[in-house]
Amino acid sequence: MSTDEVTISPTRTILLGAWEIFKEQWPLLIPLFIVLRILYRRYASPLREYPGPFLASFSRLWKVMSTISERTHLDHIELHRKYGPIVRISPNELSFSSPSVARHVLSAGKRFYKTDFYSVFPPPENPDIFTEIREDVHAMKKKVANVPYSMAAMRQLSPFIDDTIDFLVSRLDQFCPDTAIPGFQQAGLPGRNTVVNLGDWLHFFAFDVLGEVAFGRSFGFLAAGVDKENAIKTIDNSQKYNGIVGQIPEIDCLLRRNPLWRWIPALDPNNAVITRIAREEMEKRRPFEIERDGKGASGDGREDLLSSLIKGHLKDKTKFHEGDIFAVAHGAIFAGSDSTASTMQSFFWHVLSAPKVLARLVEEIDTAARDGTISAQGNIQWTEAQNLPYFQACLKEAMRMRPAVGVNIARYGIEIEGRHIPGGTRLALNGWVLHRDKATFGQDADYYRPERWLEDPENAKVMERYMFQFGGGAHVCIGRNLALLEINKVIPRLLRDFEFELVYPGRELKAKATFFVVQEGLEVYISRKKSEKEAQQ
Ligand code: HEM
């Protein structure tokens, strides 16, 4: 007997036999495998009992197509209306419409974990707080980043937000008819007929604030008055990619993670203007040790996000690496700009579309400015804005109706309200669906009605518990203090100083859900309000 005959194991013999059969029969075997897999998923999977679109029962195509169409938020509302509170949206994914289930899934410590959806978001080599899916590592990074994001730290940055608001106001001023110049329209000056894209200006504002807060310098969008170097568009395209490829993360290695991309300069994300500024600022702060004494490159004594993260790194380099500094500061721009802009756009669109709401809101703000509840001139403080109950109700209602995240937030988990969920199942939640729950928000939950927040304080508390515009639990939005601070300062100021009117009343805002809901179509006419003194003259 030869040595070879002795060493061939039975397993190897079977595998070799199988390979031989496969080589000959593959044209038949591959389709057979696909059909059997479809049949298994459709009729034998533990999730077969859950209703949903036919395509979704055996393939991820349904949710990929929905994400490509940028209508995921609307598709999910329709789905739940048609199929009920739990819908199967892919072979191993269930979508839930109940806010109490969402609270359970998102609560810290309930053993629900972020899915690989998040792993496609850049930077893959050094995940930031949003993209980090290892819970222990995430907790370590978040501990460091929580410090600069606290409300106290944010309020210390208030002067820089104020400067950006002043600048926005001066830019908007340029579109206002100057009634002091007789015949201003005939003179070709901007006037009543000037259409202002308020949505764009709010977008530029949100970006410039983040530049100030994260890197101590504005990105210059307000100054340019345009999307400089298509930076915003680049981010939106990148989010679109994340949203779609996040549904099928396996293919990311063939696309964005494919090293060949680096050879095409236009596709290299490192060339985007925001990334370039972030890298430049990071280099300016070296050696990092000087940041420890508050003598950082921002030079004006203020502690921006970058310098605070550098300090966190210096405290414990093993827990918060150098790469984390860049990833977290840079990630803030991606996570915080479109989201804040979208929220402000929703607010303005809803309020300007509802004349009675607008009248009541403007009355509240004007009265508050007259009686000293809020400053009559210049910027409005956070604490002052808290004394505007109707404004707060309008804001909550806008975040309820059109939350800034439009794609599902997904988690892995195995048990919900006593119901066992097979391991590996993704649990999907969509704010647009959750916030329309009639049992929680009322029978008229489909309508924008700020009064619901003022009618019964106890009920308002319950509704507040079930709002998910900032996510929840261990992964609750770290930038919510900044976003709310910014919004609470800028919106009442704009409504105090200007009058706005929609150019196309009754036209829906175009809302494209990439990850965030990117909105278009907030065109307005704008004019300066007369001060009390001017009105009397
Ligand atoms: C109105 C504005 C904003 C909205 C509506 C919003 C919404 C959200 C939501 C829903 C999540 C949870 C996502 C998930 O679990 O998958 C989230 C997480 C996050 N947000 Fe925001 N966000 C806003 C502003 C900001 C700002 C200004 C920043 C930073 C400057 C920021 C940074 C982050 C980060 C880092 C996370 C990940 C948190 C974690 O996983 O621990 N966001 N945001």
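Calculation rules
Residues numbered from 1 in each chain as written. Predicted model: local features only at pLDDT ≥ 70, side-chain atom pairs only at ≥ 80, totals over all residues. Helix = DSSP H or I, 4+ residues; strand = E, 2+ residues; numbered from the N terminus. Rg over C-alpha atoms; globule rule 2.2 N^0.38 Å. Buried ≥ 20, exposed ≤ 12 C-beta atoms within 10 Å, placed from the backbone. Contact = placed C-beta atoms within 7 Å. UniProt positions renumbered as here; feature names shortened; annotations may be inferred. Pairing = 2+ DSSP bridges. Axes fitted to C-alpha atoms, helices over the stretch in contact; angles between N-to-C directions. Left-handed = near helix turned anticlockwise from the far one by under 90°. Nonpolar A, V, L, I, M, F, W, Y, C, P; charged D, E, K, R; others polar. Parallel < 35°, antiparallel > 145°, perpendicular 65-115°, else oblique. Near = placed C-beta within 6 Å. Core = buried A, V, L, I, M, F, W, Y, C linked by C-beta atoms within 7 Å.

1. Observations concerning the overall build of the protein
Okay, step 1: When helices and strands are counted, the protein shows 24 helices and 12 strands.
Okay, step 2: The C-alpha radius of gyration of the protein comes to 27 Å, within 12% of the 24 Å expected for a compact globule of 537 residues.
Okay, step 3: Overall size of the protein, expressed as C-alpha extent along the three principal axes, is 115 × 60 × 50 Å.
Okay, step 4: Here the protein holds 537 residues, and the buried ones make up 41% of them.
Okay, step 5: Contacts in the protein between residues at least 24 apart in sequence constitute 71% of all its contacts with a sequence separation of at least 6.

2. Details of the UniProt feature "binding site: heme" (unreviewed entry) in the protein
Okay, step 1: Under the present numbering, the feature "binding site: heme" (unreviewed entry) in UniProt falls on Cys-477.
Okay, step 2: Relative to the helices and strands, Cys-477 resides in the loop between helix H22 (457-465) and helix H23 (480-497).
Okay, step 3: Here Cys-477 falls in the buried class, since 21 other C-beta atoms lie within 10 Å of it.
Okay, step 4: In contact with Cys-477, not counting residues within four places along its chain, are Phe-470 and Gly-471.

3. Thoughts on the pairing of strand S11 (residues 517-520)
Okay, step 1: Where strand S10 (residues 510-513) and S11 come together, 4 bridges link them in antiparallel fashion. Bridging from a neighbouring strand, Ala-511 pairs with Gln-519 of S11.
Okay, step 2: Hairpin connection, S10 to S11: the antiparallel pair is bridged by 3 residues.

4. A few points about the sheet that holds strand S12 (residues 523-528)
Sheet strands line up and pair through hydrogen bonds in the backbone, either parallel or antiparallel.
Okay, step 1: With antiparallel pairing, 3 strands are arranged side by side in an open sheet as S4-S12-S9. The sheet terminates laterally at strand S4 (196-197) and strand S9 (498-502), the two strands that pair on one side only.

5. Quick word on the packing of helix H12 (residues 273-284) against helix H15 (residues 322-353)
Okay, step 1: Interaxial distance between H12 and H15 falls to 10 Å at its minimum, and their mutual angle equals 140°. As H12 packs across H15, the resulting crossing turns out to be right-handed. Between H12 and H15, the contacting residues are Ile-274, Thr-275, Ala-278 and Met-282 on the first element and Ile-325, Phe-326, Ala-329, His-330 and Ile-333 on the second.
Okay, step 2: Taken together, the residues of the contact of H12 with H15 sort by class into 7 nonpolar, 2 polar and no charged.

6. Some thoughts on the packing of H15 against H23
Okay, step 1: Packing of H15 against H23 leaves a shortest axis separation of 11 Å and a crossing angle of 40°. Relative to H23, H15 is oriented oblique. Like other packed secondary-structure pairs, H15 and H23 cross with a definite hand, here right-handed. Each of Gly-336, Ser-339, Thr-340, Thr-343, Met-344 and Phe-347 in H15 lies in contact with H23, whose residues at this interface are Leu-482, Ala-483, Glu-486, Ile-487 and Ile-491.
Okay, step 2: Grouping the amino acids of the contact of H15 with H23 by side-chain chemistry returns 6 nonpolar, 4 polar and 1 charged.

7. Quick word on the site of the ligand
Okay, step 1: The immediate surroundings of the ligand are formed by 22 residues, with Ala-335, Gly-336, Gly-471, Cys-477 and Gly-479 found nearest.
Okay, step 2: Among the elements of the structure, H15 and H23 are those that each provide at least two residues to the shell around the ligand.
Okay, step 3: For the shell around the ligand, the element with the most residues is H15, which contributes 7 residues.
Okay, step 4: The residue makeup of the shell around the ligand, split by class, is 12 nonpolar, 9 polar and 1 charged.

8. Looking at the environment of Gly-225
Okay, step 1: Take Gly-225: it is sitting in the loop between helix H10 (221-224) and helix H11 (231-245).
Okay, step 2: Between the alpha carbons of Gly-225 and Pro-91 there is a distance of 46 Å; along the sequence they are 134 residues apart.

9. What to know about unusual backbone geometry
Okay, step 1: Each neighbour pair has its own omega, and for Arg-286 with Pro-287 the value is -5°, a cis peptide bond.
Okay, step 2: Along the chain, Pro-287 turns up in the loop between H12 and helix H13 (289-292).
Okay, step 3: Notably, Glu-70 is not glycine yet its phi reads approximately 60°, a positive angle.
Okay, step 4: Judged by the 21 C-beta atoms lying within 10 Å of it, Glu-70 is buried.
Okay, step 5: Even without being a glycine, Glu-229 presents a positive backbone phi close to 50°.
Okay, step 6: Relative to the assigned elements, Glu-229 resides in the loop between H10 and H11.

10. Observations concerning the environment of Lys-317
Okay, step 1: One can find Lys-317 in the loop between helix H14 (305-315) and H15.
Okay, step 2: For Lys-317 and Val-245, which are 72 residues apart along the polypeptide, the C-alpha to C-alpha distance reads 33 Å.

11. Thoughts on the environment of Glu-212
Okay, step 1: As for its placement among the helices and strands, Glu-212 is situated in helix H9 (residues 198-215).
Okay, step 2: On the neighbour-count criterion, Glu-212 (22 C-beta atoms within 10 Å) is buried.
Okay, step 3: Spatially, the C-alpha atom of Glu-212 lies 7.7 Å from that of Ile-161, the residues being 51 residues apart in sequence.
Okay, step 4: In this view, Glu-212 contacts Phe-160, Thr-164, Arg-217 and Ser-218; residues no more than four positions away in its chain are not counted.

12. Let's talk about the sheet that holds strand S1 (residues 86-90)
Okay, step 1: In spatial order, the strands read S1-S2-S8-S5-S3; together these 5 strands make up an open sheet with mixed pairing. Across the chains shown, the open sheet's two edge strands, defined by having one partner strand only, are S1 and strand S3 (113-114).
Okay, step 2: Taken together, the 4 bridges between strand S2 (residues 93-96) and strand S8 (residues 426-429) define a ladder with parallel strand orientation. Bridge pairing in S8 places Leu-94 opposite Leu-427.

13. What about the nonpolar core?
Okay, step 1: Ala-214, Leu-309, Ala-329 and Cys-394 are the most contacted members of the largest nonpolar core, which has 92 residues in total.
Okay, step 2: Here this core gets 15 residues from one element, more than from any other, and that element is H15.
Okay, step 3: Those residues in contact with Ala-329, other than ones at most four positions away along the chain, are Ala-214, Phe-215, Ala-278, Leu-305, Leu-306 and Leu-309.
Okay, step 4: In this structure, Val-405, Leu-429, Phe-468 and Ala-511 belong to the second largest nonpolar core, which totals 32 residues.

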